[in-house]
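# Per-entry structural report
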Amino acid sequence: ADLGCSPGSWLVWAQEKVGKHGHVMGVDILEPGPVDVPFVVRDIFEVTPGDLMQALDGPADVVLSDMAPRTTGNTLGDHVRQIELATRALEIAKGILVPGGHFVVKVFDGEEAHAYVQSIRPHFEKVKRVRPEAVRQQSREFFVVAQGFIPPDPMAVLAALAGGSSPAPEESDP
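Definitions and limits used
- Residues numbered from 1 in each chain as written.
- Predicted model: local features only at pLDDT ≥ 70, side-chain atom pairs only at ≥ 80, totals over all residues.
- Heavy atoms only, no water.
- Axes fitted to C-alpha atoms, helices over the stretch in contact; angles between N-to-C directions.
- Helix = DSSP H or I, 4+ residues; strand = E, 2+ residues; numbered from the N terminus.
- Parallel < 35°, antiparallel > 145°, perpendicular 65-115°, else oblique.
- Contact = heavy atoms within 4.5 Å.
- Nonpolar A, V, L, I, M, F, W, Y, C, P; charged D, E, K, R; others polar.
- pLDDT = per-residue confidence, 0-100.
- Phe/Tyr/Trp six-rings, centres within 6.5 Å; stacked < 30°, edge-to-face > 60°.
- Buried < 20%, exposed > 50% of the residue type's maximum accessible area, 1.4 Å probe, protein only.
- Core = buried A, V, L, I, M, F, W, Y, C linked by side-chain atoms within 4.5 Å.

### Quick word on the packing of helix α3 (residues 75-96) against helix α4 (residues 113-120)
Between α3 and α4, the least distance of the axes is 11 Å, while the angle of their chain directions is 5°. Relative to α4, the element α3 lies roughly parallel. In this structure, α3 contributes H79, I83, A86, T87 and L90 to the contact, and α4 contributes A113, Y116, S119 and I120. Tallied by class, the residues present in the contact of α3 with α4 amount to six nonpolar, three polar and no charged.

Written as structure tokens, this is what we have:
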């Protein structure tokens, strides 16, 4: 799944990588250029993980997010809006990734970036910050590459939904 897929270059690249045996789809508020890959033109805050799983015919192996807000030149404001998009991308990824799946997300560096990267760590086996050489020197963007999705413990999820904590392991009599 490619979040923030317009103009479509990552969609085309991903489709080439998975070939005929994989499914690729994109989401963006703008229609991507001419691509032969399915996409949804909607705001990411209006799309649910269920919508994406239906479009993919199941869970995703990889979620890519190149989403960025329309920048204003206000460094802090642009950073905060971008972290909101990255946070939504993480929510979507946690809802659609297969166990062991991967997540790549664009982040604008700033005061919330470290906390955002830390929020990813409990959900993946390996998380690292990457700044590709192609990124302009003056740009504040980097990518987080997270590998090995660790799905939530179903019992902990059920307990949280019920308003309690996860059940304590049963003790055995000696």
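Now that the structure has been shown, we can carry on.
### As for the confidence of the model for the protein
For the protein, mean pLDDT is 85; residues scoring 70 or higher make up 85% of the total. Least confident of the elements in the protein is helix α5 (residues 154-161), whose mean pLDDT is 62; most confident is α4, at 97. Here residues 165-174 is a poorly scored stretch, pLDDT under 50, and it has five contacts once near neighbours within four places are set aside; other chains count.

### Describing the packing of aromatic side chains
According to the stated counting rule, one finds three aromatic pairs in the structure shown. Ring geometry for W10 against W13: centres 5.3 Å apart, planes inclined by 90°, an arrangement best described as edge-to-face. Placement of both W10 and W13 in helix α1 (residues 9-18) is noted, with a separation of three residues, approximately one turn of the helix. Judged by relative accessible area, which is 40%, W13 ranks as partly exposed.

### Focus: the nonpolar core
Of all hydrophobic cores here, the largest spans 33 residues; its most connected members are L3, V63, F103, V105, Y116, I120 and F124. Breaking this core down by element, the ones donating at least two residues are α2 (49-56), β4 (60-65), α3, β5 (97-108), α4, β6 (124-130) and β7 (141-149). Those residues within four positions of Y116 in sequence are excluded, and the remaining contacts are I83, A86, T87, L90, F103, V105 and V107. Core analysis: the second largest hydrophobic core is formed by five residues, C5, L11, A14 and V37 among them.

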